[in-house]
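Residues per chain, in single letters:
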Amino acid sequence: MKVEVIVFPGSNCERDMYHVLKDVFKINTEYFWHEKKLSKNLDAVILPGGFSYGDRLRAGVIAAHSPVISDVKKLASQGIPILGGCNGFQILVEAGLLPGVLMKNNSLNFMCKWTNLIVENNATPFTNKLKLRQKIPIPIANGE
């Protein structure tokens, strides 16, 4: 299996993603700078969290227009798994790869706290080792 972790200016969780994939799961993982074309024969692409481009306009909107996104869209259309965590998720929404829009938090404040994800589908490459309805505690930190 080969995975690339895309690095954008301002992303700050790429080391965490890389460490878990490479050192914990022993997956062939490489960092990838957002201005280049993705490698051939990838099995998955990861867009990490952080504050790409400082979230100058809206979270993820500038990174959604980076050169690498056209390759990400092609891979997604071929069924290659794409995972966006935190700001990576926001980039995927802004790029049109995920439905919906990002809205400011109801409080209009930045939130930083722990919450739970509940596994609704364990038939994906990212969830196939989890149980249905399993709670996964995760930290969140976002304004949208």
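About the thresholds
Residues numbered from 1 in each chain as written. Predicted model: local features only at pLDDT ≥ 70, side-chain atom pairs only at ≥ 80, totals over all residues. Heavy atoms only, no water. Helix = DSSP H or I, 4+ residues; strand = E, 2+ residues; numbered from the N terminus. Rg over C-alpha atoms; globule rule 2.2 N^0.38 Å. Buried < 20%, exposed > 50% of the residue type's maximum accessible area, 1.4 Å probe, protein only. Contact = heavy atoms within 4.5 Å. Areas by Shrake-Rupley, 256 points an atom, 1.4 Å probe, with all protein chains shown as cover. Lys, Arg positive; Asp, Glu negative; His and termini not counted. Charge placed at Lys NZ, Arg CZ, Asp CG, Glu CD. Phe/Tyr/Trp six-rings, centres within 6.5 Å; stacked < 30°, edge-to-face > 60°. Pairing = 2+ DSSP bridges. Right-handed = clockwise from strand over helix to strand, strands pointing away. Core = buried A, V, L, I, M, F, W, Y, C linked by side-chain atoms within 4.5 Å.

(A) Local environment of the overall build of the protein. Within the protein, the secondary structure is distributed over three helices and six strands. Going from N to C terminus, the protein has its helices and strands arranged as β-α-β-β-α-β-α-β-β. Rg of the C-alpha trace for the protein: 15 Å, near the compact-globule value of 15 Å for 144 residues, within the 12% margin. Split into buried and exposed, the 144 residues of the protein put 36% on the buried side. By sequence separation, contacts in the protein at least 24 residues apart represent 70% of the contacts at least 6 residues apart. On the protein, roughly 8900 Å² of surface is accessible, and the fraction owed to carbon and sulfur atoms is 57%. Averaging the positions of the 17 positive and the 12 negative side-chain charges in the protein gives two centres separated by 4 Å.

(B) Seen up close, the side chain of Asn 87. Residue position: Asn 87 is located in helix H3 (residues 87-94). Residue contacts for Asn 87: discarding those within four places in its chain leaves Pro 48, Gly 49, Gly 50, Phe 51, Ser 52, Asp 55, Ala 59 and Gly 60.

(C) Representation of the packing of aromatic side chains in the model. Enumeration according to the criterion identifies one aromatic pair in this entry. Taken together, a centroid distance of 4.4 Å and an interplanar angle of 15° make the contact between Tyr 18 and Tyr 31 stacked. In this pair, Tyr 18 is assigned in helix H1 (residues 14-24) and Tyr 31 in strand S2 (residues 28-33), connecting sequence segments 13 residues apart.

(D) Region of interest: the pairing of strand S3 (residues 44-47). Because side chains alternate across S3, one face comprises the buried residues Ala 44 and Ile 46, and the other comprises Val 45 and Leu 47, equally buried. Alignment of strand S1 (residues 2-7) against S3, held across three bridges, turns out to be parallel. Note that in S3 the partner of Val 3 across the bridge is Ala 44. Pairing between S3 and strand S4 (residues 82-84): three bridges, direction parallel. Paired with Ile 46 across the two strands is Leu 83, which belongs to S4. One crossover worth recording links S3 to the parallel S4 by way of helix H2 (residues 68-77), and it is right-handed.

(E) Focus on the nonpolar core. Counting residues in each nonpolar core, the largest one holds 16 residues, and the members touching the most others are Ile 6, Phe 8, Leu 38, Val 45, Leu 47 and Val 68. Sort the elements by how many residues they give to this core and H2 lands first, with four residues. Counting six residues, the second largest nonpolar core, distinct from the first, contains Val 5, Leu 21, Ile 27 and Ala 44.

(F) The arrangement of unusual backbone geometry in detail. With a phi close to 65°, Leu 108 is a non-glycine residue in the positive phi region. Mapped onto the fold, Leu 108 is located in the loop between H3 and strand S5 (111-118). Classification of Leu 108 by relative accessible area gives exposed; the value is 66%.

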